[in-house]
Protein chains: 2
Amino acid sequence: MTHSNTVGSAIYQKIKDDIIYGKLQPSTKLKLDKLSNSYSVSMSTLRECLNRLSSEGFVSAEEQRGFFVTSISLNDFEEITSLRILLECHALKLSLKNGDTEWEGNLVGAYHKLHTKETEMQNGDVSTKKSLIRYDWGFHQSLILACNSANLISLHSLLYYKFLRYQMLLTSSRGSDAVNEHKKIFDSALERDFPKAEKELKNHVKMGLNFISKGYKFN
Amino acid sequence: MTHSNTVGSAIYQKIKDDIIYGKLQPSTKLKLDKLSNSYSVSMSTLRECLNRLSSEGFVSAEEQRGFFVTSISLNDFEEITSLRILLECHALKLSLKNGDTEWEGNLVGAYHKLHTKETEMQNGDVSTKKSLIRYDWGFHQSLILACNSANLISLHSLLYYKFLRYQMLLTSSRGSDAVNEHKKIFDSALERDFPKAEKELKNHVKMGLNFISKGYKFN
DNA sequence: CAGTGTATTAAAATATAATATATTTTAAGC
DNA sequence: GCTTAAAATATATTATATTTTAATACACTG
């Protein structure tokens with residue numbers, strides 16, 4: 001049994017997470033020797049990791065000036081949202097057309113997990129916010145998993161996580177509104193009603209944008 | 001004036017080009033010390049570059065097994081094409097809505113360059129195929145440049161070049177068909193007729209797919 | 001004998017550290 | 001505010017150690 005994660009991929013995940021969850025804040029200068037120390041990796045491994053993240057857009061590389069956590073702006077957030085909607089709806093359309101029993105069953109499972117966690121949260125159990133996010137991701141990916149395009153799934157994942165970084169700017173979340181939206185998306189997906197599912201999905205993501213852009217003061 | 005390209009970004013461009021233009025063929029194992037020699041860069045710089053390219057999808061990294069030029073398949077080509085159409089049409093719609101005189105003028109310029117080169121090529125001057133490609137890129141990007149989304153432009157660029165790699169599998173090109181299609185796209189774009197422009201653009205890209213998938217034998 | 005599994009060895013990827021150089025940033029002085 | 005000197009930092013190479021994979025030889029088994 002070889003669970004030999006390389007140092008490189010471990011540190012990549014760690015830093016990516018720290019950016020998404022705000023431990024490394026937007027526009028922060030990522031000083032190489034400082035990070036090399038705090039993450040306990042060598043400079044070369046760290047640079048490999050930062051280069052990967054800069055290709056994805058979580059880190060911005062400025063030649064001869066080093067690396068920075070990619071800055072945020074309302075404008076960028078709107079772009080990310082718009083692209084997420086474009087890709088997620090397109091993939092949803094394909095998924096509703098192609099999805100077989102296997103896909104449908106996995107979707108039902110993913111929704112059940114999400115809904116269960118959401119109920120826990122509404123009862124005041126805040127300890128599991130990070131797992132709620134995992135289940136939210138699981139649900140949204142399950143929706144499109146039958147789209148039959150690895151490239152599309154991969155691009156969607158990128159945009160979901162860029163969106164998530166903005167979401168994490170606020171500690172509060174939307175509560176019961178999001179729960180209802182999820183249910184509507186789920187129901188219309190099972191009915192293979194694409195127009196309705198698309199409408200509800202668009203609305204859901206846009207409401208997320210609205211909530212955050214009202215609650216967070218971009219400068 | 002600072003044109004001080006770093007070794008890293010220079011080698012990145014070189015290797016990316018070599019992949020797109022087929023000098024480094026699909027599925028080739030990218031042995032580190034061999035590449036380090038042939039491109040005359042150190043291993044660390046090379047690894048940084050390969051990590052960037054693997055994030056973008058031109059290179060595939062397999063943990064502990066090294067790097068490979070990303071493999072090709074008809075299925076992948078169809079996915080890429082479909083995504084390119086989705087993004088390029090979406091961006092075109094925004095661009096036709098927002099484009100001002102500045103944008104329109106640049107588009108006219110880009111089309112003129114492309115058309116001039118196309119005419120040269122039809123007269124038998126094959127020496128400038130690579131510059132024709134640059135002008136084709138220039139035209140297609142100009143079309144969408146007023147879409148007002150840096151994220152969209154960047155994603156579109158990625159997909160254009162992934163598409164281009166497939167295009168480069170054949171030495172021959174489509175000749176006068178493509179020339180006519182470009183004209184139709186250009187004309188309808190200037191008239192701000194989105195439905196027509198979209199139709200012509202979709203057709204243009206799909207014809208590219210057809211031409212290549214008929215001429216190249218995927219295994 | 002063919003095929004299969006298992007050591008052994010060779011090759012290659014991964015990771016760190018040490019070093020040199022070039023560029024940017026900071027600080028000091030005019 | 002401008003120029004220059006010093007410090008900090010990024011970039012790049014090289015050398016080395018470790019780990020993993022790939023290749024080879026060798027025995028075992030049906």
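What counts and how
Residues numbered from 1 in each chain as written. Chains lettered and ligands numbered in written order. Predicted model: local features only at pLDDT ≥ 70, side-chain atom pairs only at ≥ 80, totals over all residues. Heavy atoms only, no water. Disulfide = S-S within 2.5 Å. Buried < 20%, exposed > 50% of the residue type's maximum accessible area, 1.4 Å probe, protein only. Near = heavy atom within 4 Å. Polar contact = N/O pair within 3.5 Å; in protein donor to acceptor, adjacent residues only side chain to side chain. Least-squares fit on C-alpha atoms with pLDDT ≥ 70 in both. Contact = heavy atoms within 4.5 Å. Core = buried A, V, L, I, M, F, W, Y, C linked by side-chain atoms within 4.5 Å. Phe/Tyr/Trp six-rings, centres within 6.5 Å; stacked < 30°, edge-to-face > 60°. Helix = DSSP H or I, 4+ residues; strand = E, 2+ residues; numbered from the N terminus. Lys NZ or Arg CZ within 6 Å of the ring centre and 35° of its normal. Domains from an automatic or database assignment. Buried area = accessible area lost by both parts, 1.4 Å probe. Nonpolar A, V, L, I, M, F, W, Y, C, P; charged D, E, K, R; others polar. Salt bridge = Lys/Arg side-chain N within 4 Å of Asp/Glu carboxyl O.

A short note on the state of the cysteines
All names here are of chain A. The full count for this structure, using the stated rule, is zero disulfides over all chains. Note on Cys147: no disulfide assigned, nearest cysteine sulfur contributed by Cys89 at a separation of 13 Å. A relative accessible area of 3% means that Cys147 is categorised as buried.

Some words on the protein's contact with DNA strand D
If you check the shell around DNA strand D, you find 20 residues, and the closest are Arg47 of chain A together with Val7, Ser42, Ser44 and Arg65 of chain B. Here a phosphate oxygen of DNA strand D sits 2.7 Å away from a polar atom, N or O, in the side chain of Ser42 of chain B. One of the side-chain N or O atoms of Arg65 of chain B is found 2.3 Å from a phosphate oxygen in DNA strand D.

Some remarks on the relation of the copies chain A and chain B
Two chain copies, one operation linking them: a rotation about an axis together with a shift along it. Screw-axis analysis of chain A against chain B gives a translation of 0.0 Å along the axis, an RMSD of 0.0 Å, and a rotation angle of 180°. As the rotation angle and translation indicate, the two copies are arranged about a two-fold axis. The share of interface residues of chain A whose copies in chain B are also at the interface is 100%, consistent with both copies meeting through the same surface.

Brief notes about the nonpolar core
In this structure, Leu87, Phe139 and Leu143 of chain A together with Leu87, Phe139 and Leu143 of chain B are the most contacted members of the largest nonpolar core, which totals 77 residues. Setting aside chain neighbours within four positions, we find Phe139 of chain A in contact with Leu107, Ala110, Tyr111, Leu114, His182, Ile185 and Phe186 of chain A.

Observations regarding the packing of aromatic side chains
Following the criterion strictly, the structure yields 20 aromatic pairs over all chains and no others. Look at Phe77 of chain B and Tyr166 of chain B: their rings are 4.5 Å apart centre to centre, the planes differ by 15°, and that puts the pair in the stacked class. Of the two residues, Phe77 of chain B is situated in helix H4 (residues 74–98) and Tyr166 of chain B in helix H7 (residues 150–167); the sequence distance between them amounts to 89 residues. Each member of the pair, Phe77 of chain B as well as Tyr166 of chain B, carries the same accessibility label: buried. An angle of 80° between the planes, with centres 5.3 Å apart, marks the rings of Tyr160 of chain B and Tyr161 of chain B as edge-to-face. In this structure an aromatic cluster arises from ring pairing among Phe77, Phe163, Tyr166, Tyr216 and Phe218 of chain A. Between Lys130 of chain A and the ring centre of Tyr21 of chain A, over which it is positioned, the NZ or CZ distance is 4.4 Å. The ring of Phe58 of chain B is capped by Lys162 of chain B, whose NZ or CZ atom sits 6.0 Å from the centre of that ring.

Points about the domain arrangement of chain A
All names here are of chain A. Looking at chain A, the domain boundaries give domain 1 (7–69) and domain 2 (74–215). Relative to domain 2, the C-alpha centre of domain 1 lies at a distance of 27 Å. Contact with domain 1, which involves nine residues of that partner, is made by eight residues of domain 2. Together, Ile20, Tyr21 and Phe58 form the three largest contributors to the area buried by domain 1 at its contact with domain 2, with a combined 65%. Counting across the interface, domain 1 meets domain 2 through one residue pair in polar contact (both at pLDDT 80 or more). Looking at the side of domain 1 that touches domain 2, the element that brings in the most residues is helix H1 (residues 7–20), giving three residues.

Examining the protein's contact with DNA strand C
Taken together, 19 residues surround DNA strand C, and among them Val7, Ser42, Ser44 and Arg65 of chain A together with Arg47 of chain B come closest. By atom count, sugar and phosphate contribute 91% of the portion of DNA strand C lying within 4 Å of the protein. Listing elements by their share of the surface near DNA strand C, those giving two or more residues are H1 and helix H3 (43–56) of chain A together with strand E1 (29–30), helix H3 (43–56) and strand E3 (66–69) of chain B. Here the surface near DNA strand C is composed, by residue class, of six nonpolar, eight polar and five charged.

Considerations on the interface of chain A and chain B
In this complex, chain A contributes 29 residues to the contact, which on the side of chain B involves 29 residues. Summed over the shared surface of chain A and chain B, the number is two salt bridges. With its nearest N and O atoms 2.6 Å apart, the salt bridge here joins Glu48 of chain A to Arg47 of chain B. Looking at the side of chain A that touches chain B, the elements with two or more residues in it are H3, helix H4 (74–98) and helix H7 (150–167) of chain A. Among the elements that take part in the side of chain A that touches chain B, H4 of chain A stands out by supplying eight residues, more than any other.

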